[in-house]
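# Report on the structure
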Amino acid sequence: MRYKKTASTVLEPDMTPMIDVVFQLIAFFMLVTNFEQTQADERVKLPSDQLARPPEAARDKVLVVNIGFNRNKQGEKTDPEAYIFEGDELIPVLDYGRRLLEEKRVAQALYGPEGNQEMTIEIRADSETPTGLIQELIKLSQENGFEKFSLRAKQLVK
Amino acid sequence: MKLRSSRVSATKIEAQMAPMIDVVFQLLIFFMLTLKIIPLEGDFNINMPLGQQATDSPDIDIPPIKVRLTANPDGTLAGVTMRQVSLGNDNLAFDRLNAEVGNLVGRRDNPFLDDLEVEIDADYNLHYRHVISAVSACTGYVNPQNGNVIRYVEKVKFAPPRRPGT
């Protein structure tokens, strides 16, 4: 019995369109990825406002202070007290003076004797934070020679 | 003479696609995992050197525009008052405040525009979002035609905190 030799047909899929799409995706993700070391804390639910616009020039001397509440996954407050978030550490706002004193020393060491005055305290506070605590924070900062403040809010686009 | 045509068989060099695709997929996964969607943030600037908070500075000739924000026990807004005039506590209170400040500031060529200052005096337990609304209402508005921000007052400061029980 004779067998007929058939040429083995290897199916090679055309990879070009797939590679095109994958490169498009990579380009997209590269463009939208923000590698900037933001000190924003995701636990803080910022208030939103139409007039909140990013500063025209990026500030170079900034101290970011995140104030918010402990919330569960549903976003409900688990503790009525507002804290300053520093990584995993929760600091009561009224106890933040000592930390500000350290920041003042660091600013003066880095930028000169008036370094703390040139620094901007960027306040990222939860929309439900009692205003009095923000005022207390500003007061503590002033006592340590900080003069510039910026109140952060989400940009509301109508 | 017999020309010998040396036939060189065309050898098709096929680039190895598999490693490239591997790397490309690795890159894709890396970027997908590191992607963090952050909402656009803006800010309001406040300059408050020590000594300007407690009392009005005698150097400033023009008294600040005082905006009083009162709160209910749960921190919600109880009322907005500007220069003893109540502007309500509903959603339109801050629009009214914006209009009042606009009337006060007047035209853009107001010679005292740069010296004008707003002092926000809020109850201790008032939710911070109302303060942001008040700061926004005092500092300007967004032109609905072109989306540009028209600034009224650049200087904003806070009154001393009204601690409970004081």
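Everything below is about the structure shown above.
Here's a quick rundown of the structure. (Residues numbered from 1 in each chain as written. Chains lettered and ligands numbered in written order. Predicted model: local features only at pLDDT ≥ 70, side-chain atom pairs only at ≥ 80, totals over all residues.)

### Considering the overall build of chain B
Helix and strand counts for chain B stand at three helices and eight strands. Helices (α) and strands (β) of chain B occur, in sequence order from the N terminus, as α-β-β-β-β-α-β-α-β-β-β. Expressed as a percentage of the 166 residues in chain B, the buried residues total 28%. Looking at chain B alone, contacts between residues at least 24 apart form 61% of all its contacts between residues at least 6 apart. (Helix = DSSP H or I, 4+ residues; strand = E, 2+ residues; numbered from the N terminus. Buried ≥ 20, exposed ≤ 12 C-beta atoms within 10 Å, placed from the backbone. Contact = placed C-beta atoms within 7 Å.)

### Some points on helix α2 (residues 93-105) of chain B
Residue and element names in this part refer to chain B. The end-to-end C-alpha distance of α2 is 18 Å, a good match for the 18 Å that 13 residues give at a rise of 1.5 Å each. In this structure, the buried side of α2 is in contact with β2 (65-71), β3 (77-82), α3 (128-139) and β6 (140-142). After α2 finishes, the residue G106 shows a positive phi value of roughly 75 degrees. (Expected span 1.5 Å × (residues − 1).)

### Comments concerning the packing of α2(B) against α3(B)
All names here are of chain B. In the contact formed by α2 and α3, the axes pass within 8 Å of each other and the chain directions differ by 30 degrees. Relative to α3, the element α2 is oriented roughly parallel. Regarding α2 and α3, the two cross each other, and that crossing is right-handed. In this structure, α2 contributes F94, L97, N98 and V101 to the contact, and α3 contributes S133, A134, A137 and C138. Grouping the constituent residues of the contact of α2 with α3 by class yields six nonpolar, two polar and no charged. (Axes fitted to C-alpha atoms, helices over the stretch in contact; angles between N-to-C directions. Parallel < 35°, antiparallel > 145°, perpendicular 65-115°, else oblique. Left-handed = near helix turned anticlockwise from the far one by under 90°. Nonpolar A, V, L, I, M, F, W, Y, C, P; charged D, E, K, R; others polar.)

### Regarding the pairing of β3(B)
Residues and elements named next belong to chain B. As judged from the five bridges shared by β2 and β3, these two strands associate in the antiparallel manner. Bridge pairing links V67 to M82 in β3. Counted between consecutive antiparallel strands, the loop separating β2 from β3 contains five residues, among which G75 sits at a positive phi close to 95 degrees. Here β3 runs beside strand β4 (residues 85-86); their pairing, made up of two bridges, is antiparallel. Along β4, the bridge assignment pairs M82 with V85. (Pairing = 2+ DSSP bridges.)

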